[in-house]
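# Observations on the three-dimensional arrangement
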Amino acid sequence: MKPPPSPMMARLDAALAASRHPVDAACVRAERAGLLARQGHLDEANAELQILRGDFAQRPAAVVTVWICVVEAWIEQYSGRPSLGRDKMRRAQALSAAARLKPLQALSAAWLAHLGYMQDDFDDMAKYLALALQLAEPDHHAARARAALVAASGYHWANRLDLAQPWYTRAR
């Protein structure tokens, strides 16, 4: 099934077409696979990951490996296996920290905060939320929006809509 058109998919397709370096193209392909996974197109996302794994089996690149872990985590999460997704995202977090890949470290921290919230692990949620907000650059919208949504949801769940509202605004 063909995924529905979206502005983000169009942006990723354009970035993929403009990519000149194999590692840059692989990162965009992984990000695209992640979007497919989050939209429920799990078979297509898995197919993209298989290609990426094959392309980088002989000469791995840390940034591609981390992206693969992130996408695997999303696939597990949206396949109804949140514990496995959390484990894969923790791996992405550890690898991105070890490789000093700050944008991926921020993104994986934001998603770990989200997964902590979803699994009622509020200590983990708070720890990774703080890390995501500390690491994410002002223009890293994927990490910042996810972190803001987690903060808003946490305050909302605690019946503090007054504190949630500014975070909802930031998430937008």
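This is a predicted model, so every value here is computed, not measured.

### Considerations on the pattern of salt bridges
Enumeration over the complete set of coordinates arrives at 12 salt bridges. In this structure, the salt-bridge partner of Glu-72 is Lys-88, at a minimum N-O distance of 3.8 Å. Residue Glu-72 is found in helix α4 (residues 62-78), and its partner Lys-88 is found in helix α5 (residues 82-98); the two are separated by 16 residues along the sequence. Shared partners join several salt bridges into a network, and the residues in it are Arg-86, Arg-90, Asp-121, Asp-124 and Lys-127.

### Describing the packing of α5 against helix α6 (residues 102-118)
Two measures define how a pair of helices packs: the angle their axes make with one another and the distance between the axes. Packing of α5 against α6 leaves a shortest axis separation of 9 Å and a crossing angle of 155 degrees. In this view, α5 runs roughly antiparallel relative to α6, as classed from their interaxial angle. Judged by the sense of rotation from one axis to the other, the crossing of α5 with α6 is left-handed. Here α5 contributes Gly-85, Arg-86, Met-89, Arg-90, Ala-92, Gln-93, Ser-96 and Ala-97 to the contact with α6, which in turn contributes Leu-104, Gln-105, Ser-108, Ala-109, Trp-111, Leu-112, Leu-115 and Gly-116.

### Here we look at the nonpolar core
Counting 49 residues, the largest nonpolar core has Val-64, Trp-67, Val-70, Val-71, Trp-74, Ile-75 and Met-89 as the members making the most contacts within it. The leading source of residues in this core is α4, at 10 residues. Among all residues touching Met-89, those that are not within four sequence positions of it are Val-70, Ala-73, Trp-74, Ser-108, Trp-111, Leu-112 and Leu-115.

### Concerning the packing of aromatic side chains
For the structure on display, the rule yields three aromatic pairs. An angle of 65 degrees between the planes, with centres 6.3 Å apart, marks the rings of Tyr-117 and Phe-122 as edge-to-face. Judged by its relative accessible area of 29%, Phe-122 is partly exposed. One aromatic cluster in this structure is built from Tyr-117, Phe-122 and Trp-157.

Cut-offs and rules
- For every chain, the first residue of the written sequence is number 1, and numbering continues from 1 onward in sequence order.
- Only residues with pLDDT of at least 70 get local features here, since the model is predicted, and only at 80 or more are side-chain atom pairs given and counted; chain-wide, interface and lining totals rely on the full set of residues.
- For the side-chain quantities, the full set of heavy atoms in the structure was used; hydrogens and water were omitted.
- When a carboxyl oxygen of Asp or Glu lies within 4 Å of a side-chain nitrogen of Lys or Arg, that pair is called a salt bridge.
- Helix and strand labels come from DSSP, where a helix needs a run of H or I of at least four residues and a strand needs a run of E of at least two; each type is numbered from the N terminus.
- For helices, the axis comes from a line fit to the C-alpha atoms of the stretch in contact; other axes are also lines fit to C-alpha atoms, and the angle between any two N-to-C directions lies between 0 and 180 degrees.
- When describing relative orientation, an angle under 35 degrees is termed roughly parallel and one over 145 degrees roughly antiparallel, while 65 to 115 degrees is termed roughly perpendicular and anything else oblique.
- Crossing handedness follows the turn of the near helix against the far one: under a right angle anticlockwise gives a left-handed crossing, and clockwise gives a right-handed one.
- The contact rule is simple, with two residues in contact once any of their heavy atoms fall within 4.5 Å.
- The definition of a nonpolar core used throughout is a set of buried Ala, Val, Leu, Ile, Met, Phe, Trp, Tyr and Cys residues joined through side-chain atoms within 4.5 Å.
- Accessibility here uses a 1.4 Å probe with only protein chains present; expressed as a share of the type maximum, an area under 20% marks a residue as buried, one over 50% as exposed, and anything in between as partly exposed.
- A pair of Phe, Tyr and Trp rings is counted when the ring centres sit within 6.5 Å of each other, with Trp represented by its six-membered ring. The angle between the planes then sorts it: under 30 degrees is stacked, over 60 is edge-to-face, the rest tilted.

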